[in-house]
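# Report on the structure
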Amino acid sequence: MGAGAASVPAAARPGTRCTSPLERANALLEVTRRLAVGLRMAEMLPPLAALFTELLDVQCTIVFLYDADRDELRAWSSERHEAPPAHFPKDQGIAGVSFTSDRSLLIPDASADPRFRPEVDLATGIRTRNLLSVPLRSGHDAAAAIGVVQVLNKRSGDFDPDDLAWFETLVRQAASEFVKALLYEEVLRTRREDQRLFEVTTALAREIKLDPLLAIIMETAGSILEVERATLFLFDPRTNELWTRVSQDSSMKDVRFPADRGIAGAAFASGRTVHIPDAYADPRFNQEIDRQTGFRTRSILCMPVLNKLGTGLGVLEVLNKVDGAFSPGDERRLAAFCAQAAVALENAQLFEEVLRVKNYNERILQCLSNGVITLDPEGRVVKANEAALKLLGLDARPEALLGREAESLFAGPNAWLARAIAAVQATGRPESALDAELVRTWLPTEEGATRRAHRASVNLSAVPLADPGAERLGSLVVLEDVTREKRLRSTMGRYMSKDLVDRLLSEGEDRLGGRLQKASVIFTDIRDFTDLAERLGPTRTVALLNDYFTVMVDLLLSRGGLLDKFIGDAMLAVFGVPFAGPEDADAAVRTAIEMLRALRTFNARRSARGETAVRMGIGINTDDILSGNIGSLKRMEFTVIGDGVNLASRLEGANKLYGTELLISEFTAKELRGAYRLREIDLLRVRGKTRPVKIFEVLDAFGAAEFPHLDQVITLSAQGLSCYRQRAWREAREPFARALELHPADGVSRRYLERCDEFARRPPPEEWDGVWTMDQK
């Protein structure tokens, strides 16, 4: 305040009066300057109140601003400007009279005036003796009143008409800035409400399950309206009741009552908002609930939740506004929120009903003892019950059945089943077969039992499926197992080709008991899968993995490889187990090359559908590994373990370090008999190992379009690597930079340029052996 006082004309300081036109003009300019400190009301009020106090030589200045939302006056005092504003009815007290009558008032003795309200003294902390009260207008008529300004307790003498006239002039000077501040705050408030409504809409749209959605609605309604409690009552048309499943008070769970009973029932039945300032004064309010819960209900705002057709979905009830009574603005905010909540509720209820029907039908399907399979019009499997999965030996992995085409699913000795399905699809007439033979591989559960090929006898009934409009929906296949023995298909078919299974069965299963033999291990992984899965969502992620693994596994099995396991989005496979061959390393490398080429075709199809492309990394290592059935007595799995397997996994991860797609170890490179385009990458020490391994990149999967100037880049990389290992950083940088110019996407050259620059600034120790240590897996 001291800085403000220093700029006030001398005649306008305490104990003086502005009498000359120049002094008053300077004072009015000072009013404008004080208001120019900012657009927010909180920034303007303290300096303005302090200036009025100085200019009129008074003890205190109070500014009353009209709150149209609450239809009341809010008061700020120069004595307590940091305190929250006090609230007063707009038509009570001297300020209310001045506001509603649009008249300036000079009160020589406040305590003798019946209109004076002692609450004002409580707000200011001083005793009022006399005062001036002037309406604050945004225009020239009474309807433009936006508040009242009062000055209290003239320090020397009493107020006179000249003081009142001078005060009116000062207030008029300040009015335009007040209007700007009010408009600015209204814009900010509207923006905050719009932002909050957008956040609410987003939050509601993300949840489709009913129970979590109800919790979100309760929490959000209470936060938006600043109330002590919020409860959503939903309408149950089957019982004609309102009920609540979720509330902020646990004692309100699972409450049901007739839809026309109480305050919530009145709002729901009438379809209109019910606003009760005093709950205990309303006969419809059930006070027993408060007595049971220990909660004291003061005020209630209850609004029906309607869908777009105007049908009632329920009632949203909020209790006890934190800072006073509910206002028309609260009703508008609640109405906007209810409109958003109605859409989310209707979607959630529809989802819950669809899910209920689906689960009901699913349970019927699973309870059937016969195998049931449904197919779409293209002959792909849509659904299969547990009996069908067991009959086909696929109960442990239903994903192997779903989405498969009947022609590929039922092939070879089971081709008769595919032909029957095709006939139903083509003619629209039922097909049947009695005591037909269904060939599967049987894996018994009894201890000590042996695995063997098993032929089940089934009765087939295949019928077309059509909707009421006769549109083809696909077909339904019922398989009745008429054999006395029901066993599972052998698990061997899940991870190796049919030829390997046949050979294993013919030569004996002792090979599965545990063997140490040289094999080539392939480890593949999808790049950035976590981010990709978050963007796609669960359903599309599963569909992507099924399509991707179908392509890769088909390639693997067709080349004689063994699928060890899927690890999330990764795949572990091996060549040379259970039967070793002279070209296992070549078969592994050729399969990996074909996988990368197949991935480009796979991505081209996805891009044509507007879907995100998939990137993968592959690591291959050849070493002695342990293979066999490993697990417990009740559950075993044929798998491979050992350092050779771990190194393949580390090489797959190293692709991320070098920006490559296919890396092999020096041990695999030594075993290769064919000619391949290899580029030496590094001497790498992986985590958990002390001996470094020389690693190579296989580049045969790239054509000229994907990797231009490939042969030149390989030559330049070899030159740069030789200089790098001789600690000739500048000489090494030149071939790597040239390689990067020829192929700007070459991650290996970019990585070595970074290393050369770093080692040029901070050389490695003299004992450095050219090995790079990879700390991460």
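Placed above this text is the structure.
Computed from a predicted structure; not experimentally measured. (Residues numbered from 1 in each chain as written. Predicted model: local features only at pLDDT ≥ 70, side-chain atom pairs only at ≥ 80, totals over all residues. Heavy atoms only, no water.)

With that out of the way, let us pick up the overall build of the protein chain. In terms of regular secondary structure, the protein chain is built from 22 helices and 26 strands. Within the protein chain, buried positions represent 47% of all 777 residues. Considering only contacts in the protein chain between residues 6 or more positions apart, those separated by 24 or more positions represent 61%. (Helix = DSSP H or I, 4+ residues; strand = E, 2+ residues; numbered from the N terminus. Buried < 20%, exposed > 50% of the residue type's maximum accessible area, 1.4 Å probe, protein only. Contact = heavy atoms within 4.5 Å.)

We now examine the sheet that holds strand β12 (residues 312-321). Spatially, β9-β8-β7-β12-β11-β10 is the arrangement adopted by the six strands of the open sheet, whose pairing is antiparallel. Either end of the sheet is taken by a strand with one partner, and the two such strands are β9 (255-258) and β10 (274-276). Here the strands of the sheet are splayed against their neighbours by 20° on average, with no regard to which way each runs. Taken together, the seven bridges between strand β7 (residues 227-236) and β12 define a ladder with antiparallel strand orientation. When the bridges of β12 are listed, Thr 231 appears paired with Glu 317. (Pairing = 2+ DSSP bridges. Axes fitted to C-alpha atoms, helices over the stretch in contact; angles between N-to-C directions.)

Under the defined criterion, the tally for this structure stands at 16 aromatic pairs. By the ring-pair criterion, three or more aromatic residues cluster together here, those being Tyr 724, Trp 729, Phe 736, Tyr 752, Phe 759 and Trp 768. Here the basic side chain of Arg 755 rests over the ring of Tyr 752, its NZ or CZ set 4.9 Å away from the ring centre. One residue, Arg 755, lies across the ring of Trp 772, its end atom 3.8 Å from the ring centre. (Phe/Tyr/Trp six-rings, centres within 6.5 Å; stacked < 30°, edge-to-face > 60°. Lys NZ or Arg CZ within 6 Å of the ring centre and 35° of its normal.)

Turning our eyes to something else, we now look at the nonpolar core. Ranked by size, the top nonpolar core spans 39 residues in total, and within it Tyr 548, Val 589, Ile 618, Ile 620 and Leu 662 carry the most contacts. Those elements that provide at least two residues to this core are β18 (515-526), α15 (529-536), α16 (538-558), β20 (570-575), α17 (584-608), β21 (616-631), β23 (662-665) and β25 (693-698). In terms of residue count, α17 provides more of this core than any other element does, 11 residues in total. Setting aside its immediate chain neighbours within four residues, Leu 662 contacts Ala 592, Ile 593, Leu 596, Ile 618, Ile 620, Asn 655, Phe 696, Glu 697 and Val 698. Membership of the second largest hydrophobic core comes to 27 residues, among which are Val 381, Ala 384, Leu 417 and Val 424. (Core = buried A, V, L, I, M, F, W, Y, C linked by side-chain atoms within 4.5 Å.)

What follows concerns the sheet that holds strand β5 (residues 131-137). By definition, the strands of a sheet pair up through backbone hydrogen bonds, in either a parallel or an antiparallel sense. Across the sheet, which stays open at both edges, the six strands sit in the order β3-β2-β1-β6-β5-β4 with antiparallel pairing between neighbours. The open sheet has two edge strands with one neighbour each: β3 (86-89) and β4 (105-107). On average, adjacent strands in this sheet sit at an angle of 25° to one another, irrespective of strand direction. Summarising the sheet, strand β2 (residues 72-77) and β3 pair through four bridges and their orientation is antiparallel.

Between its terminal C-alpha atoms helix α18 (residues 643-658) stretches 22 Å, which fits the 22 Å expected from 16 residues at 1.5 Å a residue. Most of α18 is tucked away: 13 of the 16 residues are buried. Following α18 by one or two positions, Gly 659 has its phi on the positive side, about 70°. (Expected span 1.5 Å × (residues − 1).)

Here the structure, examined in full by the defined rule, presents 36 salt bridges. Note that Arg 256 and Glu 241 form a salt bridge whose closest N and O atoms lie 3.0 Å from each other. In this pair, Arg 256 is assigned in strand β9 and Glu 241 in strand β8 (residues 241-244), connecting sequence segments 15 residues apart. Here Glu 671 ties to Lys 518 by a salt bridge, and the two come within 3.2 Å at their closest N and O atoms. Here Glu 671, found in helix α19 (residues 666-671), pairs with Lys 518, found in strand β18; they are 153 residues apart in sequence, far enough to count as distant. Owing to a relative accessible area of 32%, Glu 671 belongs among the partly exposed residues under this scheme. For Lys 518, a relative accessible area of 44% puts it in the partly exposed group. Each of the salt bridges in this network shares a partner with another, and the network as a whole consists of Asp 236, Arg 238, Glu 241 and Arg 256. (Salt bridge = Lys/Arg side-chain N within 4 Å of Asp/Glu carboxyl O.)

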